[in-house]
Amino acid sequence: MEKNKQCSPQQILYEKKWRRNRIINRSVQILVFFVFFIQWEVTTACGIVDSFFFSSPSLIIKSLRTLTLNNDLLTHIRVTLLEVLLSFALVVIISLIIAILFWYFDRLSTIFEPYLVILNSLPKSALAPLFIVWLGTGMKTIIVAGMSVAIFGSIISLYTGFRQADGGKIHLVYALGGTKRDVLKKVILPGSIPLIVSTMKVNIGLSLVGVVIGEFLAARQGLGYLIIYGTQTFKMSMVITSLVLLCLIAVLLFVMIDLFDRLINRQKKSCA
């Protein structure tokens, strides 16, 4: 079958319209971003907004420069990134293993699924002080705090997705003499790749939230620590700067997962 087929006029028109709308949307997003920061700077310069409490873009740049010259900024960013990535990786691996076990052993899921629902509904910020008592302060506690925010919902989401796999394909594997392990390898895991990737997109943000909560209580480094330190010393520019950096990190991590998703989809299309 030829891969390069001649497109119809309707398809060409649709693709042109899609590209044009995409450019317009991106342009508007960038415009809103710059208008917001310009308005923020102008209102603080005119005294409409108090820069002591709300900072300003120029003060954020000054704070970034100060932290960089003191060799603190990269250290705090590196610590937070490392904690988020470790937390995220452990969430993905552990939740995937537990979801597979739940699907493979029905009795196991029947026994433990209610407990997962209860743990997932708990406010995770209330668990952070317990982690400090159990594990002490340090990176270990922060990573566990990051995991606690994402892991229970991730297990439930993956297990639910596994149960909703294509029933026709499952029956076909059994009809051909396959086992439950064959169903797992041939149907469940390959068919759940979009679900796994979408769950990863959610988990990367939740891991960041959990890590920052942990850094609020049990860290001496990291952007969460900078937020608490800046609040206690009334250095609001440091607080706002840390929040901006956290937003940039969240965007960067999401883009990484999105690129991974596109790579998988491209490979699927090339194999089709």
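Small disclaimer: the values here were computed from a predicted structure and weren't measured. (Residues numbered from 1 in each chain as written. Predicted model: local features only at pLDDT ≥ 70, side-chain atom pairs only at ≥ 80, totals over all residues. Heavy atoms only, no water.)

**Focus on the overall build of the protein**
Secondary structure summary: the protein contains twelve helices and zero strands in total. When the elements of the protein are put in sequence order from the N terminus, they spell out α-α-α-α-α-α-α-α-α-α-α-α. A compact globule built from 272 residues would reach a C-alpha radius of gyration of about 19 Å, whereas the protein, at 24 Å, exceeds it by more than 25%. With the principal axes as the frame, the protein shows a C-alpha extent of 75 × 60 × 30 Å. Classification of the 272 residues of the protein by burial places 34% in the buried group. Taking contacts inside the protein between residues at least 6 apart in sequence as the whole, the part at least 24 apart equals 73%. Looking at the protein as shown, the accessible area adds up to about 17300 Å², and 68% of this sits on carbon and sulfur atoms. Taking the 27 positively charged and 13 negatively charged side chains of the protein as two groups, their mean positions are separated by 5 Å. (Helix = DSSP H or I, 4+ residues; strand = E, 2+ residues; numbered from the N terminus. Rg over C-alpha atoms; globule rule 2.2 N^0.38 Å. Buried < 20%, exposed > 50% of the residue type's maximum accessible area, 1.4 Å probe, protein only. Contact = heavy atoms within 4.5 Å. Areas by Shrake-Rupley, 256 points an atom, 1.4 Å probe, with all protein chains shown as cover. Lys, Arg positive; Asp, Glu negative; His and termini not counted. Charge placed at Lys NZ, Arg CZ, Asp CG, Glu CD.)

**A look at unusual backbone geometry**
Of note, Ser55 is a non-glycine position whose phi angle comes to about 55°, a positive value. One non-glycine residue with positive phi stands out, namely Phe234, at about 60°. Its place among the elements puts Phe234 in the loop between helix H11 (223–232) and helix H12 (236–271). Given a relative accessible area of 55%, Phe234 falls into the exposed group.

**What about the side chain of Ser63?**
In this structure, Ser63 sits in helix H3 (residues 57–69). Relative accessible area serves as the criterion here: at 10%, Ser63 is assigned to the buried category.

**Some details on the environment of Ser58**
Of note, Ser58 is situated in helix H3. Through-space distance from the C-alpha of Ser58 to that of Met139 is 33 Å; in sequence the pair is 81 residues apart. Polar contacts involving the side chain of Ser58 include one to the side chain of Ser56, which spans 3.1 Å. (Polar contact = N/O pair within 3.5 Å; in protein donor to acceptor, adjacent residues only side chain to side chain.)

**Quick look at the packing of helix H4 (residues 73–104) against H11**
Contact geometry of H4 with H11 gives a least axis separation of 8 Å together with a crossing angle of 125°. Taken together, H4 and H11 sit at an angle that is classed as oblique. Here His76, Ile77 and Thr80 of H4 come into contact with H11, specifically with Leu223, Tyr225 and Leu226. In terms of residue class, the contact of H4 with H11 is built from four nonpolar, two polar and no charged. (Axes fitted to C-alpha atoms, helices over the stretch in contact; angles between N-to-C directions. Parallel < 35°, antiparallel > 145°, perpendicular 65-115°, else oblique. Nonpolar A, V, L, I, M, F, W, Y, C, P; charged D, E, K, R; others polar.)

**Some points on the packing of aromatic side chains**
In the structure shown here, the tally under the stated rule is eleven aromatic pairs. For the pair Phe36 and Trp40, a centre-to-centre distance of 5.8 Å together with 45° between the ring planes defines the contact as tilted. Of this pair, Phe36 and Trp40 both sit in helix H1 (residues 9–45), four residues apart, roughly one helical turn. Trp40 sits in the buried class, given a relative accessible area of 14%. Connected via pairs of aromatic rings, a cluster forms that spans Phe33, Phe34, Phe36, Phe37 and Trp40. Against the face of Tyr104 rests Lys180, its NZ or CZ located 5.7 Å from the ring centre. (Phe/Tyr/Trp six-rings, centres within 6.5 Å; stacked < 30°, edge-to-face > 60°. Lys NZ or Arg CZ within 6 Å of the ring centre and 35° of its normal.)

**Description of the nonpolar core**
When a protein is soluble and globular, its nonpolar side chains tend to lie buried together. Counting residues in each nonpolar core, the largest one holds 48 residues, and the members touching the most others are Trp103, Val183, Ile188 and Leu223. Setting aside its immediate chain neighbours within four residues, Trp103 contacts Tyr159, Phe162, Arg163, Lys180, Val183, Leu184 and Ile188. (Core = buried A, V, L, I, M, F, W, Y, C linked by side-chain atoms within 4.5 Å.)

**A closer look at the environment of Arg163**
Position of Arg163 among the secondary structure elements: in helix H7 (residues 139–163). What makes Arg163 exposed here is its relative accessible area of 56%. Separated by 64 residues in the primary sequence, Arg163 and Ala99 place their C-alpha atoms 10.0 Å from one another. The residues touching Arg163, leaving out its near neighbours within four places in the chain, are Trp103 and Glu113.

**Here we look at the packing of H4 against helix H5 (residues 106–121)**
Closest axis-to-axis distance for the H4/H5 pair is 6 Å, and the angle between their directions is 130°. Comparing their axes, H5 and H4 come out oblique. Across from Leu101, Phe102, Trp103 and Tyr104 in H4, the residues of H5 making contact are Asp106, Leu108, Ser109, Phe112 and Leu116. Grouping the constituent residues of the contact of H4 with H5 by class yields seven nonpolar, one polar and one charged.

**Concerning the confidence of the model for the protein**
Averaged over every residue, the pLDDT of the protein is 88; residues scoring 70 or more account for 96%. Here helix H6 (residues 128–135) stands out as the least confident element of the protein, with mean pLDDT 84; H4 is the most confident, with 94. (pLDDT = per-residue confidence, 0-100.)

**Brief notes about the side chain of Thr44**
Looking at the secondary structure, you find Thr44 in helix H1. Looking at Thr44, its side chain comes within polar contact range of the main-chain oxygen of Trp40, at 3.0 Å. Discounting chain neighbours no more than four positions away, the residues touching Thr44 are Val49, Ser51, Ser55 and Ser56.

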